[in-house]
Amino acid sequence: MRLLNNVAIFITLAVAYNLVNGVCGQLHLGPNAFITLGAYTAALLTMTPAEKTLNFIITPLYWPLGQIALPFPLALLAGGLVAAAFGLVTGFPVFRVRGDYLAIVTLGFGEVVRVLANNFQGLTNGPLGLKGLYPYTNLWWSWGVAVVAVAVVVSLVNSSYGRAMQAIREDETAAKASGINTFRHLLLAYILSAFFFGVGGGLLAHLITTISPSLFTFFLTFNLLIIIVVGGLGSTTGAVLAAAFFTLAGEWLRVVEEPAAIFGFTIPGIPGMRMVILSLGLLLVIIFCRLGLLGRREFTWEGLSRLLRRGWSAPAPGSGAK
Amino acid sequence: MALLQTEHLDMRFGGLAALSNLNLSVPEGGLYGLIGPNGAGKTTVFNLVSGFLKPTGGRILWNGRDITGEPPHRLTELGIARTFQNMRLFGELSVLDNILVGFHCRGRATWGEAVLRLPRYRREERTCRSRGLALLTEVGLADAADHPAGKLPYGHQRRLEIARALATGPRFLLLDEPAAGLNPQETQDLIFFIRGIKERYDLSILIIEHNLRLVMGLCRHLTVLDHGLTIAAGDPVDIQKNPAVIRAYLGSEQ
């Protein structure tokens, strides 16, 4: 159950991340900032006043947040909107630069938000984090959000706006000369992905029920980056598959860390072994499929039927020829 | 009144005067050429007129209106389209998609309408597709519509770049060395092609070119630049005899 929820949340996050990194081709390294904002916003809004007083023992929570409690869907939406608002504010400085500089600026914003979460005790309870959230996240919510995120992103990418974003990735100068307002298109992708990061963060918070700033380090961004690179930068299908595969593999590989008996030898459990195997898998992907598992290809129904037909007709190539 | 006019246009990069006091005036329907040795400042003129550079002095007028310092996408919306000396296609997008990107700036549907596939977006997308295919047929690339643009033969890529510029709905077209790398036969085809689109789309054109055969065969007015200075301007036949031009191209007799 928890695993399937995790899969759905990571699909949401990866697909949103792929919109900026894969489709627009901008190396954005700050999704953890937006996930943090979404998680804290949603958590602070769903907690009952009683829980809040229990949590905030060192510094009391700012008024009026201590008094209000909203239903889960509204809190999720608020998480997404706060993240999107942060995207709007940071988008202006971020898209003044490109390439490595853009990566560093977004990385910086990610760290800023984490440090703020650590020190803004009256709002986030500092390093203690928030405990005892009600586990609202269930399969309906997590998969519902994932389906909406995938539908919106796929629809956008396949529209004229998505085409313009891909044009920016291919050659920004030519895109400008073709009449594309590159800043507005990049900002759109950035804010839309920020919204889904926020909603995903809210879901994540109510799945694990305890959040603290240490949960949202750059490591989270890095995992997402691995997912979309392995799936194939720019391929939404790839992002979905890789997100599912990664979340599941991380759990299934726990087997290798347990004590096991092979050919009469007893091997004690090696903690961290699954990380070794996972990274070996990554190496293989990067060596053998440079563009990730799917490259830029996408799943289409026509593609599937073509594949099936080829599979059926393959054994009889000679029968049709004279 | 001139469609595009530059007044005392100056561009310096630090201490280097790439362009000094350029006064160019292209009338509606004009087919003008800009020639000069390497490093004369021709591409700088294009970058200024298409908004990729902001001039350090002077003004650029479009139909009498000051457009100095407007961003490139705004100028494209006004009707100034350009191609690049070293072609810049969207290599991984299909040939048709390259054209459709050009149409995008004329679309009125918002991104919300696009995501939800509302009627206005669907209508615009349909007309763009049929107009895009028609444009490809016209430039002889309809068969390659689904191929990635980066895989096309060189000459076809050149034509695709012009077609993409046409898709933005221009009134004024800037062609930066369209004949670079083409053989004499292809150059001849290009001359007919440029004349054809000029008539059909009612364009005014400014061409940078090294290939004098193309310039002499096509342009009715030439401006010659050397080291950022305008050394001659006028009829192609007179330009050919102009001693300053000959000196710039061939060096002076000592």
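**Q** When you look at the overall build of chain B in this model, what are you seeing that I'm missing?
**A** Along chain B, the regular secondary structure elements total ten helices and ten strands. Projected onto its principal axes, the C-alpha coordinates of chain B cover approximately 70 × 40 × 35 Å. Looking at chain B as a whole, 40% of its 254 residues qualify as buried. Summarising the internal contacts of chain B: among those between residues at least 6 apart in sequence, 67% fall at separations of at least 24.

**Q** Honestly, the sheet that holds strand β7 (residues 172–176) of chain B in this entry has me stumped. Any pointers?
**A** Residues and elements named next belong to chain B. In spatial order, the strands read β6-β7-β8-β3-β9-β10; together these six strands make up an open sheet with mixed pairing. Where the open sheet ends on each side, the last strands, each with one partner, are β6 (80–82) and β10 (229–234). The sheet shows a mean angle of 15 degrees between the axes of neighbouring strands, taken without regard to direction. Direction of pairing for β6 relative to β7: parallel, over a ladder of three bridges. Across the sheet, the residue bridging to arginine 82 is leucine 174, located in β7.

**Q** Would you mind going over the interface of chain B and chain A with me for this structure?
**A** For an interface, size is often stated in terms of accessible area lost upon the parts coming together. If you look at the interface, chain B gives 26 residues, while chain A gives 22 residues. No other element matches helix α3 (residues 95–104) of chain B, which puts five residues into the side of chain B that touches chain A.

**Q** Is there a simple way to explain the packing of helix α1 (residues 2–23) of chain A against helix α10 (residues 182–208) of chain A in this structure?
**A** When two helices pack together, their arrangement is given by the angle between the helix axes and by the axis-to-axis distance. Residue and element names in this part refer to chain A. At a minimum axis distance of 9 Å, the contact between α1 and α10 shows a crossing angle of 165 degrees. When the axis of α1 is compared with that of α10, the two are roughly antiparallel. The two elements α1 and α10 meet at a crossing, and its hand is left-handed. Where α1 approaches α10, its residues Arg2, Asn5, Ile9, Thr12, Leu13, Ala16, Tyr17, Leu19, Val20 and Val23 are matched on the opposing element by Ala189, Tyr190, Leu192, Ser193, Phe196, Phe197, Gly200, Leu203, Leu204 and Leu207. Per-class residue counts for the contact of α1 with α10 are 15 nonpolar, four polar and one charged.

**Q** Looking at this model, I keep getting lost on the pairing of strand β1 (residues 2–13) of chain B. Mind explaining?
**A** In the case of a regular strand, side chains alternate between the two sheet surfaces. All names here are of chain B. Looking at chain direction, β1 and strand β2 (residues 16–27) are connected through eight bridges and run antiparallel. If you follow alanine 2 over to β2, its bridge partner there is proline 27. Counted between consecutive antiparallel strands, the loop separating β1 from β2 contains two residues, among which glycine 14 sits at a positive phi close to 60 degrees. Where β1 meets strand β4 (residues 57–62), five bridges bridge the pair, whose relative direction is antiparallel. The residue of β4 that forms the bridge with glutamate 7 is arginine 59.

**Q** Mind showing me how you'd approach the nonpolar core here?
**A** A general tendency of soluble globular proteins is for nonpolar side chains to be buried together. Counting residues in hydrophobic clusters, the biggest one holds 149 residues, and the most contacted among them are Ile11, Ala14, Ala43, Ile227 and Ala243 of chain A. When residues no more than four places from it in sequence are discounted, the contact partners of isoleucine 227 of chain A are Phe10, Ala14, Ala239, Ala242, Ala243 and Phe246 of chain A.

**Q** Sorry if this is basic, but what is going on with the sheet that holds β1 of chain B here?
**A** Strand-to-strand pairing in sheets goes through backbone hydrogen bonds, with the strands running parallel or antiparallel. Spatially, four strands are ordered β2-β1-β4-β5 (chain B) in an open sheet, and the strand pairing comes out antiparallel. The sheet terminates laterally at β2 and β5 (65–66) of chain B, the two strands that pair on one side only.

**Q** Help me understand the pairing of strand β9 (residues 221–226) of chain B in this model?
**A** Residue and element names in this part refer to chain B. In the sheet, strand β3 (residues 31–35) pairs with β9 via four bridges, with the strands oriented parallel. Each bridged residue has a counterpart across the sheet, and for leucine 34 the counterpart in β9 is threonine 223. Direction of pairing for β9 relative to β10: antiparallel, over a ladder of five bridges. Note on β10: the bridge partner recorded for valine 224 is alanine 232.

**Q** How do you make sense of the domain arrangement of chain B when you look at a structure like this?
**A** Residues and elements named next belong to chain B. Taken domain by domain, chain B comprises domain 1 (1–79 + 170–254) and domain 2 (90–161). A C-alpha centroid distance of 28 Å is found between domain 1 and domain 2. The interface is formed by seven residues belonging to domain 1 together with four residues belonging to domain 2. Sorting elements by how many residues they give to the side of domain 1 that touches domain 2 places helix α2 (residues 72–78) first, with three residues. Grouping the amino acids of the side of domain 1 that touches domain 2 by side-chain chemistry returns two nonpolar, three polar and two charged.

**Q** Any chance you could explain helix α7 (residues 139–157) of chain A here in plain terms?
**A** Think of an α-helix as 3.6 residues a turn; residues three or four steps apart then line up on the same face. Between the first and last C-alpha of α7 of chain A there are 26 Å, a value that for 19 residues agrees with the 27 Å anticipated at 1.5 Å per step. Taken together, the buried positions of α7 of chain A are occupied by Trp141, Ser142, Val145, Ala146, Ala149, Val150, Val153, Leu156 and Val157 of chain A. Each buried residue of α7 of chain A sits inside an arc of 155 degrees when the element is viewed along its axis, so together they form one side. Along α7 of chain A, exposed side chains directed more than 90 degrees from the buried face belong to Leu139, Trp140 and Ala151 of chain A. Next to the buried residues of α7 of chain A lie α1, α8 (160–170), α10 and α12 (236–252) of chain A together with α4 (111–116) of chain B.

**Q** Mind showing me how you'd approach the confidence of the model for chain B here?
**A** Residues shown with low pLDDT carry predicted positions that ought not to be read at fine detail. Per-residue pLDDT for chain B has a mean of 91; in total, 99% of the residues score no lower than 70. Interface confidence in the predicted complex, given as ipTM, is 0.91; pTM for the same model is 0.90.

**Q** Please clarify how the packing of helix α4 (residues 72–94) of chain A against α10 of chain A should be interpreted in this entry.
**A** All names here are of chain A. Between α4 and α10, the least distance of the axes is 7 Å, while the angle of their chain directions is 145 degrees. Taken as a pair, α4 and α10 cross one another with a handedness that is right-handed. Per-class residue counts for the contact of α4 with α10 are 17 nonpolar, eight polar and no charged.

**Q** How should I be thinking about the environment of leucine 224 of chain A in this particular structure?
**A** Residues and elements named next belong to chain A. As for its placement among the helices and strands, leucine 224 is situated in helix α11 (residues 218–231). Sequence separation between leucine 224 and leucine 13 is 211 residues, and the spatial gap between their C-alpha atoms is 7.5 Å. Dropping the residues within four chain positions of it, leucine 224 is found in contact with Leu13, Ala14, Tyr17 and Pro31.

**Q** It is not clear to me how unusual backbone geometry should be interpreted in this structure. Could you clarify?
**A** Glycine aside, negative phi is the norm for most residues, and most peptide bonds take the trans geometry. All names here are of chain B. Positive phi, close to 55 degrees, is recorded for arginine 117, a residue that is not glycine. Take arginine 117: there are 13 C-beta atoms within 10 Å of it, and that puts it in the partly exposed class. A positive phi angle, close to 50 degrees, is found at histidine 227, a residue other than glycine. Turning to its location among the elements, histidine 227 is positioned in the loop between β9 and β10.

**Q** Explain the environment of isoleucine 60 of chain B to me, please; I cannot follow it from the model alone.
**A** Residues and elements named next belong to chain B. With respect to the helices and strands, the residue isoleucine 60 is situated in strand β4. Residues isoleucine 60 and serine 25, spaced 35 residues apart in sequence, show a C-alpha to C-alpha distance of 9.9 Å. Excluding residues that lie within four positions of it along the chain, isoleucine 60 makes contacts with Thr6, Leu9, Leu48, Val49, Ile67 and Thr68.

**Q** Explain the environment of glutamate 172 of chain A to me, please; I cannot follow it from the model alone.
**A** With respect to the helices, strands and loops of the structure, glutamate 172 of chain A is situated in helix α9 (residues 172–177). For the pair glutamate 172 of chain A and threonine 182 of chain A, spaced ten residues apart in sequence, the C-alpha separation works out to 7.4 Å.

What counts as what
- Residues numbered from 1 in each chain as written.
- Chains lettered and ligands numbered in written order.
- Predicted model: local features only at pLDDT ≥ 70, side-chain atom pairs only at ≥ 80, totals over all residues.
- Helix = DSSP H or I, 4+ residues; strand = E, 2+ residues; numbered from the N terminus.
- Buried ≥ 20, exposed ≤ 12 C-beta atoms within 10 Å, placed from the backbone.
- Contact = placed C-beta atoms within 7 Å.
- Pairing = 2+ DSSP bridges.
- Axes fitted to C-alpha atoms, helices over the stretch in contact; angles between N-to-C directions.
- Parallel < 35°, antiparallel > 145°, perpendicular 65-115°, else oblique.
- Left-handed = near helix turned anticlockwise from the far one by under 90°.
- Nonpolar A, V, L, I, M, F, W, Y, C, P; charged D, E, K, R; others polar.
- Core = buried A, V, L, I, M, F, W, Y, C linked by C-beta atoms within 7 Å.
- Domains from an automatic or database assignment.
- Expected span 1.5 Å × (residues − 1).
- Arc of directions from axis to C-beta.
- pLDDT = per-residue confidence, 0-100.

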